[in-house]
Amino acid sequence: MKQPAKAAASAAPLQTDATSAARSPRDLLAVAPAAWALLVLALIGLGISIFLTGEHYAGVIPACQKTGPINCGAVLTSSYSTVGNTNIPITVPGMLWFIVSGGLAAAAVVFAVKRQPAPEWLVPLHMVWSLVGLAFVLYLIYVEAFRLHEVCEWCSGVHLLVILTVVVATVRYSGFLRDRYART
Amino acid sequence: MGRQARRRQARQHQRGGRPGARGSRPRANSTPWWLGPWGIGGAVVIIAAIVVILIVVENKQSPSSSTAIGSPPPPGVLSVLTKPSGATLGSVGSGGYPSPWKALKGQKVLTSHGKPVFVYTGAEYCPYCAAERWSMISALSRFGTFKGLRLMQSSSTDVYADTDTFTFLHSTYSSPYITFLHAEIQDRNRNPLQNLTGMVAAVQKYDNPPYVSSTVAGGIPFLDLNNQAVAVSSGYLPSVINGLSWKQIAAQLNNPSSPVAKAILGNANWITASICKTTGNKPASVCSMAPIPSLEKKVNIG
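The model shown is predicted, which means the values in this text are computed figures rather than measured ones. (Residues numbered from 1 in each chain as written. Chains lettered and ligands numbered in written order. Predicted model: local features only at pLDDT ≥ 70, side-chain atom pairs only at ≥ 80, totals over all residues.)

### Quick notes on the overall build of chain A
The helix and strand inventory of chain A stands at seven helices and one strand. Its helices and strands taken in sequence order, chain A reads α-α-α-β-α-α-α-α from the N to the C terminus. Long-range pairs, those at least 24 residues apart, make up 76% of the contacts in chain A between residues at least 6 apart in sequence. (Helix = DSSP H or I, 4+ residues; strand = E, 2+ residues; numbered from the N terminus. Contact = placed C-beta atoms within 7 Å.)

### Some words on the overall build of chain B
In terms of regular secondary structure, chain B is built from 10 helices and 11 strands. Here chain B, with 302 residues, has 44% of them falling under the buried criterion. Contacts spanning at least 24 positions in sequence make up 73% of the contacts within chain B whose residues lie at least 6 apart. (Buried ≥ 20, exposed ≤ 12 C-beta atoms within 10 Å, placed from the backbone.)

### Considerations on the packing of helix 5 (residues 127–140) of chain B against helix 8 (residues 259–278) of chain B
Residues and elements named next belong to chain B. Where helix 5 meets helix 8, the axes come as close as 8 Å, and the angle between the chain directions of the two elements is 50°. Overall, the two elements helix 5 and helix 8 adopt an arrangement that is oblique. Viewed along their axes, helix 5 and helix 8 form a crossing whose handedness is right-handed. Contact residues: Trp134, Ser135, Met136, Ser138 and Ala139 in helix 5; Ile264, Leu265, Asn267, Ala268, Ile271, Thr272 and Ile275 in helix 8. (Axes fitted to C-alpha atoms, helices over the stretch in contact; angles between N-to-C directions. Parallel < 35°, antiparallel > 145°, perpendicular 65-115°, else oblique. Left-handed = near helix turned anticlockwise from the far one by under 90°.)

### Brief notes about unusual backbone geometry
Residue and element names in this part refer to chain B. With omega at 10°, the peptide bond leading from Pro209 into Pro210 counts as cis. Topologically, Pro210 is positioned in the loop between helix 6 (198–202) and strand 9 (219–220). The step from Ala290 to Pro291 runs through a cis peptide bond, and the omega angle for that step is 10°. Summarising the element assignment, Pro291 is placed in the loop between helix 9 (284–287) and helix 10 (292–298). Located in the positive-phi region is Arg190, a residue other than glycine, with phi close to 70°. Located in the positive-phi region is Asn281, a residue other than glycine, with phi close to 60°.

### Some words on the confidence of the model for chain A
All names here are of chain A. On average, residues of chain A score 83 in pLDDT, and 85% of them are at 70 or above. Per-element confidence in chain A is highest for helix 5 (residues 91–113), whose mean pLDDT is 94, and lowest for helix 1 (residues 2–11), whose mean pLDDT is 41. Contacts of residues 1–22 to residues separated by more than four positions or lying in other chains number 66 contacts, the stretch itself having pLDDT below 50. (pLDDT = per-residue confidence, 0-100.)

### Thoughts on the pairing of strand 10 (residues 222–225) of chain B
Residue and element names in this part refer to chain B. Burial along strand 10 is two-sided: the residues Phe222 and Asp224 and Leu223 and Leu225 are all buried. Note that strand 3 (residues 115–122) and strand 10 share four bridges and pair antiparallel. Opposite Val119, over in strand 10, you have Asp224 as the bridge partner. Direction of pairing for strand 10 relative to strand 11 (residues 229–232): antiparallel, over a ladder of four bridges. Directly across from Asp224, in strand 11, lies its bridge partner Val230. (Pairing = 2+ DSSP bridges.)

### Quick notes on the confidence of the model for chain B
Residues and elements named next belong to chain B. Per-residue confidence for chain B gives a mean pLDDT of 86, with 86% of residues at or over 70. Within the model, pLDDT remains below 50 along residues 12–28, and this stretch shows 26 contacts once partners closer than five positions in the same chain are excluded. Across the whole predicted complex the pTM is 0.74, and at the interface the ipTM reaches 0.72.

### Examining the nonpolar core
Here is a general trend for soluble globular proteins: nonpolar side chains tend to be buried in one another's company. Grouped together as the largest cluster of nonpolar side chains are 74 residues, with contacts concentrated most on B:Phe118, B:Cys126, B:Ile137, B:Val230, B:Val260, B:Ile264 and B:Ile275. In terms of residue count, the dominant contributor to this core is helix 8 of chain B (11 residues). Core analysis: the second largest hydrophobic core is formed by 45 residues, A:Ala42, A:Ala112, A:Tyr173 and A:Phe176 among them. (Core = buried A, V, L, I, M, F, W, Y, C linked by C-beta atoms within 7 Å.)

### So, the packing of helix 5 of chain A against helix 6 (residues 122–148) of chain A
Residue and element names in this part refer to chain A. Relative orientation of the contacting elements helix 5 and helix 6 amounts to 160°, with a least axis distance of 10 Å. One element, helix 5, and the other, helix 6, form an angle in the roughly antiparallel class. Classified by chirality, the crossing of helix 6 by helix 5 is left-handed. Along its contact with helix 5, which presents Trp97, Val100, Ser101, Leu104, Ala107 and Ala108, the element helix 6 presents Leu122, Leu125, His126, Trp129 and Gly133. When grouped by side-chain class, the residues that make up the contact of helix 5 with helix 6 number eight nonpolar, three polar and no charged. (Nonpolar A, V, L, I, M, F, W, Y, C, P; charged D, E, K, R; others polar.)

### Re the domain arrangement of chain B
How big an interface is tends to be stated in terms of accessible area lost as the parts join. As assigned here, chain B comprises domain 1 (31–61) and domain 2 (77–298). Each of domain 1 of chain B and domain 2 of chain B was reduced to a C-alpha centroid, and the two centroids are 47 Å apart. (Domains from an automatic or database assignment.)

### Section: the pairing of strand 11 of chain B
One face of the sheet, then the other: side chains in a regular strand alternate in exactly this way. All names here are of chain B. Both faces of strand 11 are covered, namely the face carrying Ala229 and Ala231 and the face carrying Val230 and Val232. Pairing geometry for strand 1 (residues 102–103) and strand 11, over two bridges, is antiparallel. What sits directly across from Ala103, in strand 11, is Ala229.

### Quick look at helix 3 (residues 33–57) of chain A
With 25 residues, helix 3 of chain A extends 36 Å from end C-alpha to end C-alpha; this agrees with the ideal 36 Å at 1.5 Å per step. Trailing helix 3 of chain A by a residue or two, A:Gly59 shows a phi angle of about 80°, which is positive. (Expected span 1.5 Å × (residues − 1).)

### Quick word on the environment of B:Ser234
Mapped onto the elements, B:Ser234 comes out in the loop between strand 11 and helix 7 (246–252). When the 30 C-beta atoms within 10 Å are taken as the criterion, B:Ser234 is described as buried. Between the C-alpha atom of B:Ser234 and that of B:Ala130, which follows or precedes it by 104 residues, the distance is 8.4 Å. Beyond its immediate stretch of four places on either side in the chain, B:Ser234 contacts A:Ile61, B:Tyr128, B:Ala131, B:Glu132 and B:Pro221.

Quick look at the structure:
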């Protein structure tokens, strides 16, 4: 029983979504750093997704670039830039994903700041949601690399944010599991 | 309460206990199995398996290419492209597309043998060049005659793969009204093809801001009309013709309400109107035919 308890203690800094008597901004951030990080990642991703949606509707016809594969316009106007056979830009599901991810993170932050225990499912659900995003991102990277042979730098930024979300969510989830099994 | 004490309290609270009640809370069974380590681990394995399958399948696919590449256009394809009926052209108008041209102000006018010069820079791999060539051939054929045009497809490994088109490589163009200079700088496999020389090289400086938008700067196809106007990229998206054969595209040109006719002929009408501005509306048989006069009023060139 000693080892799980030690593990739980070591995981504490990243999985402290619970409460404290925090009051100053620094203390608020220290309460649930992982949740704060996930919230910031989601807000940045949401901002880029909104920008890319605007670019999709801008109607600018891109050109072939002589200098290399970086061509955001070609990616954003390709046949893969919409959802199925609809006219809905692929960035819209991306926006929704970041909204949900941000909502889950915000909920964790609120519970922590209010010194209330978060629901048991909150951390695992965010982990699952991040994996859904990862699967989506892997598909989009595959399309850019193998289908379009063009890369959109802004899209790559979104992909990086989702991967970072997966990393943070995984560390947070592992802490959650260690803590949970330490209790048993 | 010190910071360390607060953190300790937070950890205790997250574990569901009061201070001093560590480990007193029974294991929660409210989390469904699929949110547990087995469910999430399984999801990771499934994602990894899908990635591996996609990569294996992709590596087994070989790029497609048509045996028609390099051969002369099939009978009927060029004739319908170069000699569309006046009624069709008038009905198409601009096709709903905006003018592709951006005016160049105060630049030295290009002339060759006393005629205005139209410069094209593109590449065989480029799908936007593939789309633009259809309109260019249609427009320029109203002022002169092409010889030696050959069938081409854009790259098999680029966006809008294998878009059916033509190549200007080894083609010649003669006209009493305008000089057409062209360069295909890379083949459909992106190997170097033609070097930029003379006037074609000289106008490349206009393929940069402030002459063109920064979003397409340095891009191809790049068109320079007599140093009075420039255009980068195609007048319409290649998706309009991607997946259609040369014959299928040509067949739709007779239908002015088809998206293909609106895109190719609408863009060709814009190019024609711009050329008419540089030739002093010669020949009248072309420049006075609808919808050219009305489009000329909307074209902004230097």
